[in-house]
Amino acid sequence: MHAHPVLHVTWRTIVTIVGGAVLTAGIIMCVTPGPGAAGIVLGLAILATEYAWARGLLHRARMWARRAKEAALEADRRRREKRAARRR
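- Taking an unreviewed UniProt entry as the reference, the chain is identified by name as PGPGW domain-containing protein belonging to Nocardiopsis endophytica.

## Thoughts on the packing of aromatic side chains
So, point 1. Here the structure, examined in full by the defined rule, presents 1 aromatic pair.
So, point 2. Here Tyr 51 and Trp 53 contribute two aromatic rings whose centre-to-centre distance is 5.7 Å and whose plane-to-plane angle is 35 degrees, an arrangement assigned as tilted.

## Thoughts on the pattern of salt bridges
So, point 1. Tallied over the full model, the rule gives 5 salt bridges.
So, point 2. In this structure, Arg 77 engages Glu 74 in a salt bridge whose closest nitrogen and oxygen atoms are separated by 2.2 Å. Remark: Glu 74 and Arg 77 occur in helix H3 (residues 52-87); sequence separation between them is 3 residues, near one turn of the helix.
So, point 3. Between Arg 80 and Asp 76 there is a salt bridge, with its nearest N and O atoms 3.0 Å apart. Residue Arg 80 and its partner Asp 76 are located together in helix H3, separated by 4 residues, close to a single helical turn.
So, point 4. Accessibility expressed as a relative area gives 53% for Arg 80, which makes it exposed.
So, point 5. Among the residues examined, Asp 76 registers a relative accessible area of 22% and is labelled partly exposed.

## A few points about the UniProt feature "transmembrane region" (unreviewed entry) in the chain
So, point 1. As recorded in UniProt, the sites labelled "transmembrane region" (unreviewed entry) are residues 9-29 and 35-54.
So, point 2. Spanning residues 35-54, this segment combines 80% helix with 0% strand, and its end C-alpha atoms are found 20 Å apart.

## Quick look at the packing of helix H2 (residues 36-48) against H3
For any two helices packed against each other, the geometry is given by the interaxial angle and the distance between the axes.
So, point 1. Their axes nearest at 8 Å, the elements H2 and H3 cross at an angle of 150 degrees. One element, H2, and the other, H3, form an angle in the roughly antiparallel class. Crossing hand, H2 versus H3: left-handed. In contact with Ala 37, Val 41, Leu 44, Ala 45, Leu 47 and Ala 48 of H2, H3 contributes Trp 53, Ala 54, Arg 55, Leu 57, Leu 58, Ala 61 and Trp 64.

## Topic: helix H1 (residues 5-29)
So, point 1. With 25 residues, H1 ought to run about 36 Å at 1.5 Å a step, and its terminal C-alpha atoms sit 36 Å apart, in line with that.
So, point 2. Regarding H1, the residues found buried are Val 15, Gly 19, Leu 23 and Gly 26.
So, point 3. On the buried face of H1, the contacting elements are H2.

What counts, and where the lines are drawn
- Residues numbered from 1 in each chain as written.
- Predicted model: local features only at pLDDT ≥ 70, side-chain atom pairs only at ≥ 80, totals over all residues.
- Heavy atoms only, no water.
- Phe/Tyr/Trp six-rings, centres within 6.5 Å; stacked < 30°, edge-to-face > 60°.
- Salt bridge = Lys/Arg side-chain N within 4 Å of Asp/Glu carboxyl O.
- Helix = DSSP H or I, 4+ residues; strand = E, 2+ residues; numbered from the N terminus.
- Buried < 20%, exposed > 50% of the residue type's maximum accessible area, 1.4 Å probe, protein only.
- UniProt positions renumbered as here; feature names shortened; annotations may be inferred.
- Axes fitted to C-alpha atoms, helices over the stretch in contact; angles between N-to-C directions.
- Parallel < 35°, antiparallel > 145°, perpendicular 65-115°, else oblique.
- Left-handed = near helix turned anticlockwise from the far one by under 90°.
- Contact = heavy atoms within 4.5 Å.
- Expected span 1.5 Å × (residues − 1).

Encoded structure:
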């Protein structure tokens, strides 16, 4: 697809529209009910197939998501420890 100029532009336009729509939906879902972070990461992943700037943002978003997951797991572990200590 990248070898043919017309197909390349068409493909890049489709990726931009779809990735931008998913990214926008993810941003909207951050303030409304829904999986906002997942939408943002998915939108960036789609855009990263064609754009270097999106690859950089995707890397940052993945690092943020990994840290958020670790923080949530740590908070859950502390909560379980507190609950177990109260039962003793």
